[in-house]
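Reading the structure
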Amino acid sequence: MRKVVVILKSESENADNYGTLLEKHGYEPVFIPTLEFSFKNLDVLRDRLLSPYKYSGLIFTSPRSITAVRDAVQGQKLKDDWKTLENYSVGETSRDLIQRTLDLDTKGHHSGNASNLADFIKTDLYNKTVTMPFLFPCGNLKQDVLQNKLSEYGYSLDSVEVYETVPHRDLERNLVALFQGEREEKSDRTIDSLLFFSPSGINYCAHVFEKHRLDLTGKRIIAIGPSTKKAIENKGITVHRTAEKPSPDYVVGALLQDT
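Residues numbered from 1 in each chain as written. Predicted model: local features only at pLDDT ≥ 70, side-chain atom pairs only at ≥ 80, totals over all residues. Heavy atoms only, no water.

Turning to the sheet that holds strand β10 (residues 241-243), a few remarks are in order. Judged by pairing direction, the sheet is parallel, and its five strands sit side by side in the order β2-β1-β8-β9-β10 without closing on themselves. Edge positions in the open sheet fall to β2 (27-33) and β10, since each of these has one partner strand only. Going from strand to strand, the sheet's axes swing by 25° on average, the running direction of each strand aside. Relative to β10, strand β9 (residues 220-224) runs parallel, the two sharing three bridges. (Pairing = 2+ DSSP bridges. Helix = DSSP H or I, 4+ residues; strand = E, 2+ residues; numbered from the N terminus. Axes fitted to C-alpha atoms, helices over the stretch in contact; angles between N-to-C directions.)

See the structure below:
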């Protein structure tokens, strides 16, 4: 019996590393893109990026924010003054992408989510004088956790909304086809687990599940991070395991806990 693990994440985040590791553990990975993005306000972001002296640093919590900065500077190098500031990111993939595309080092990548990053920033800046805000390129569906916690700790954000999140154009068709295929191929292929990487991803998928009455019975639901876990539970769906960080090792580790 082939055990299918459905990777429900945005197309812009490379799923290859997840697929390779899942295959090593005997799973058949199926990647279904959940989200699409359109960029906006890049001229506003560009103006901010030209004035690093007005900021304490940059904070990145998604790959799209990195792409937005890259596109905003229009092929030019990020001003060197940013390198001397306090810059942070979530996730090793994002840290590496920032180094590669913006030639900028960031801290806090190991934190795994925005809440933990805020705690890391508080610790990292202990005994440092920080009076300027952090520049925070973000999307329209950003959570308020980072801003609220940093405000509580005495730091401020200058948030620039640089992208819109919408459901992927093929999400509904792909999900319905996958579940129909399972029913037609019961003898040798079954959906073992569904991996959800974002609150917006589960919100859009839940609409498809309800509309087409797709049955999740017997399928393990894996959440990537606490915000996604909460969003899944808010839909009345049971979360079997949570991967605390958005990395292949943590995700596969969460899957293997039940085997």
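With five of five residues buried, β9 lies mostly within the body of the structure. Across four bridges, the pairing between strand β8 (residues 189-196) and β9 is parallel. Among the inter-strand pairings, Leu-194 is bridged to a residue of β9, identified as Ile-221. Note that the unit made of β8, helix α8 (residues 199-212) and β9 has a crossover that is right-handed. As for the winding sense of the linkage, the β-α-β connection from β9 through helix α9 (residues 226-234) to β10 is right-handed. (Buried < 20%, exposed > 50% of the residue type's maximum accessible area, 1.4 Å probe, protein only. Right-handed = clockwise from strand over helix to strand, strands pointing away.)

As a further point, take the packing of helix α3 (residues 63-72) against helix α4 (residues 92-102). For the pair α3 and α4, interaxial distance at closest approach is 10 Å and the crossing angle is 10°. What the angle tells us is that α3 and α4 run roughly parallel. Packed against α3, whose contacting residues are Pro-63, Ile-66, Val-69 and Arg-70, the element α4 presents Ser-94, Leu-97, Ile-98, Thr-101 and Leu-102 at the interface. Split by residue class, the contact of α3 with α4 holds six nonpolar, two polar and one charged. (Parallel < 35°, antiparallel > 145°, perpendicular 65-115°, else oblique. Contact = heavy atoms within 4.5 Å. Nonpolar A, V, L, I, M, F, W, Y, C, P; charged D, E, K, R; others polar.)

Going through the model one piece at a time under the given rule, you end up with nine aromatic pairs. Between Tyr-18 and Phe-197 the ring centres are 5.2 Å apart and the planes differ by 90°, which places this aromatic pair in the edge-to-face class. Residue Tyr-18 is located in helix α1 (residues 16-24), and its partner Phe-197 is located in the loop between β8 and α8; the two are separated by 179 residues in the primary sequence. We classify Phe-197 as buried; its relative accessible area is 14%. (Phe/Tyr/Trp six-rings, centres within 6.5 Å; stacked < 30°, edge-to-face > 60°.)

Here the structure, examined in full by the defined rule, presents 20 salt bridges. Of the charged contacts, one joins Lys-40 and Glu-161 as a salt bridge, the two residues approaching to 2.5 Å between their closest N and O atoms. On the criterion of sequence distance, the pair formed by Lys-40 in the loop between β3 (35-39) and α2 (42-49) and Glu-161 in strand β7 (residues 157-167) is long-range, its members being 121 residues apart. Owing to a relative accessible area of 31%, Glu-161 belongs among the partly exposed residues under this scheme. Two residues, Arg-173 and Asp-170, come together in a salt bridge whose shortest N-O distance is 3.3 Å. Overall, Asp-170 belongs to the partly exposed group, its relative accessible area being 23%. Each of Glu-86, Lys-107, Asp-124 and Lys-128 takes part in salt bridges that share partners, so that together they form one network. (Salt bridge = Lys/Arg side-chain N within 4 Å of Asp/Glu carboxyl O.)

This next bit is on the environment of Lys-219. In this fold, Lys-219 is placed in the loop between α8 and β9. Judged by relative accessible area, Lys-219 falls into the buried class, the value being 8%. The sequence separation of Lys-219 and Leu-194 amounts to 25 residues, and the corresponding C-alpha distance is 7.1 Å. In this structure Lys-219 touches Phe-179, Glu-182, Ile-191, Asp-192, Leu-194 and His-240, once residues within four positions along its chain are discounted. A distance of 3.2 Å separates polar atoms of two side chains, one belonging to Lys-219 and the other to Glu-182. (Polar contact = N/O pair within 3.5 Å; in protein donor to acceptor, adjacent residues only side chain to side chain.)

Remember that the coordinates give geometry; whether it matters functionally is a separate question.
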